[in-house]
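Chain by chain, the residues:
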Amino acid sequence: VVSDIVSAYQWQVSHNNGTTWVDLINDVTYSGVNSSTLTVSNVTPSMDRYQYRVFLSSAGNTCGLYSNAGILNILAVPIVSSPVTLVQCDDDTDGVSIFNLTQKNNAVSVNLAVEKFSYYTTISGAELQEATSLIPNPLAYITSDKTIYVRIENANGCFGIAQLNLVVSVTQIP
């Protein structure tokens, strides 16, 4: 909220759907409480649906003005287990095998039925969804021992990254 005629700002929060409002103070959670921009840090799940507004005052105007309230919506990120190891037997002792990367989806996330999985050769690729490091066929990925990264994304567009260690077992049974 910015205006040339505003002389003071005071941000407020409501924990009860706008019934009561409390003036904020600068602390570890809030900064900029007397400025045009409020920063909220160290957000916890209990803050979901908190409402925020700012009181604007102007020199020579004793009434002031309240902004419309904004609602903080907290979206959950996928809960992932990491690292996870996938072992595949080497059938011809060349140290290379074909991996079905989806075999460990249930070990990576408990909500696999409602999440989208994609597989990358680098962690930055998984974070940024880089096409150059995307593994196009996770059902038949040919490699030797390697670490890859699984991007798990939910319906809100929130994501988590898990490390998947691929191990080729070259043990021979006589």
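Residues numbered from 1 in each chain as written. Predicted model: local features only at pLDDT ≥ 70, side-chain atom pairs only at ≥ 80, totals over all residues. Heavy atoms only, no water.

Trainee: Explain the overall build of the protein to me, using residue names and the numbers behind them.
Mentor: Helix and strand counts for the protein stand at two helices and 13 strands. Whereas a compact globule of 174 residues would reach a radius of gyration of roughly 16 Å, the protein reaches 25 Å, over 25% beyond that. Burial analysis of the protein (174 residues in total) assigns 32% to the buried set. Of the contacts formed within the protein by residues at least 6 apart in sequence, a portion of 54% connects residues at least 24 apart. Only carbon and sulfur atoms are counted for the fraction: they give 55% of the accessible area of the protein, which is about 10400 Å². One finds the centroid of the 6 positive side-chain charges in the protein at a distance of 9 Å from the centroid of its 13 negative side-chain charges. (Helix = DSSP H or I, 4+ residues; strand = E, 2+ residues; numbered from the N terminus. Rg over C-alpha atoms; globule rule 2.2 N^0.38 Å. Buried < 20%, exposed > 50% of the residue type's maximum accessible area, 1.4 Å probe, protein only. Contact = heavy atoms within 4.5 Å. Areas by Shrake-Rupley, 256 points an atom, 1.4 Å probe, with all protein chains shown as cover. Lys, Arg positive; Asp, Glu negative; His and termini not counted. Charge placed at Lys NZ, Arg CZ, Asp CG, Glu CD.)

Trainee: Give me the lowdown on the pattern of salt bridges, citing residues and values where you can.
Mentor: In this structure the tally under the stated criterion is one salt bridge. Ionic pairing is found between glutamate 153 and arginine 151, a salt bridge with its closest N-O pair at 3.3 Å. For the pair formed by glutamate 153 and arginine 151, the shared burial category is buried. (Salt bridge = Lys/Arg side-chain N within 4 Å of Asp/Glu carboxyl O.)

Trainee: So what's going on with the packing of aromatic side chains? Which residues, and what values?
Mentor: Inspection of the entire model under this criterion finds two aromatic pairs. With 4.7 Å between their ring centres and 55° between their planes, phenylalanine 55 and tyrosine 66 make a pair best called tilted. Pair noted here: phenylalanine 55 is in strand S5 (residues 51-58) and tyrosine 66 is in strand S6 (residues 61-66), with a separation of eleven residues, a long-range link. On the accessibility criterion, phenylalanine 55 (21% relative accessible area) is partly exposed. Taking NZ or CZ as reference, arginine 53 lies 3.9 Å from the ring centre of tyrosine 66, over its face. Just above the ring of phenylalanine 159 sits the side chain of arginine 151; from NZ or CZ to the centre is 3.7 Å. (Phe/Tyr/Trp six-rings, centres within 6.5 Å; stacked < 30°, edge-to-face > 60°. Lys NZ or Arg CZ within 6 Å of the ring centre and 35° of its normal.)

Trainee: Please give an account of the nonpolar core that cites residues and values.
Mentor: Membership of the largest hydrophobic core comes to 16 residues, with the highest contact counts inside it found for Leu101, Tyr119, Ile148, Val150, Leu164 and Leu166. Listing elements by their share of this core, those giving two or more residues are strand S8 (84-89), strand S10 (116-120), strand S12 (146-153) and strand S13 (159-169). Looking at this core element by element, the count peaks at four residues for S13. Once residues within four sequence positions are removed from consideration, isoleucine 148 is found in contact with Leu101, Tyr119, Tyr120, Ile135, Tyr141, Ala162, Gln163, Leu164 and Leu166. One finds Val13, Leu24, Tyr30 and Tyr50 within the second-largest nonpolar core, a separate group that totals 13 residues. (Core = buried A, V, L, I, M, F, W, Y, C linked by side-chain atoms within 4.5 Å.)

Trainee: If you had to explain a nonpolar patch on the surface to someone new, which residues and values would you point to?
Mentor: The grouping of Val96, Ile98 and Ile142 at the surface amounts to a nonpolar patch, some 260 Å² of accessible area in total. Residue classification places valine 96 among the partly exposed residues on the basis of a relative accessible area of 31%. (Patch = residues over 30% accessible without salt bridge, like charges linked within 9 Å, V, L, I, M, F, W, Y side chains within 5 Å.)

Trainee: Provide a residue-level description of the sheet that holds S10, including the pertinent values.
Mentor: In spatial order, the strands read S8-S13-S12-S10; together these four strands make up an open sheet with mixed pairing. The open sheet has two free edges, formed respectively by S8 and S10, since each of these has just one partner strand. Adjacent strand axes in the sheet meet at a mean angle of 30°, parallel and antiparallel pairs treated alike. (Pairing = 2+ DSSP bridges. Axes fitted to C-alpha atoms, helices over the stretch in contact; angles between N-to-C directions.)

Trainee: Report on the environment of aspartate 48, specifying residues and quantitative values.
Mentor: On the secondary structure map, aspartate 48 appears in the loop between strand S4 (39-40) and S5. Its relative accessible area of 32% is what places aspartate 48 among the partly exposed residues. Sequence separation between aspartate 48 and leucine 72 is 24 residues, and the spatial gap between their C-alpha atoms is 5.9 Å. Excluding residues that lie within four positions of it along the chain, aspartate 48 makes contacts with Leu72, Asn73 and Ile74. Looking at aspartate 48, its side chain comes within polar contact range of the main-chain nitrogen of isoleucine 74, at 2.8 Å. (Polar contact = N/O pair within 3.5 Å; in protein donor to acceptor, adjacent residues only side chain to side chain.)

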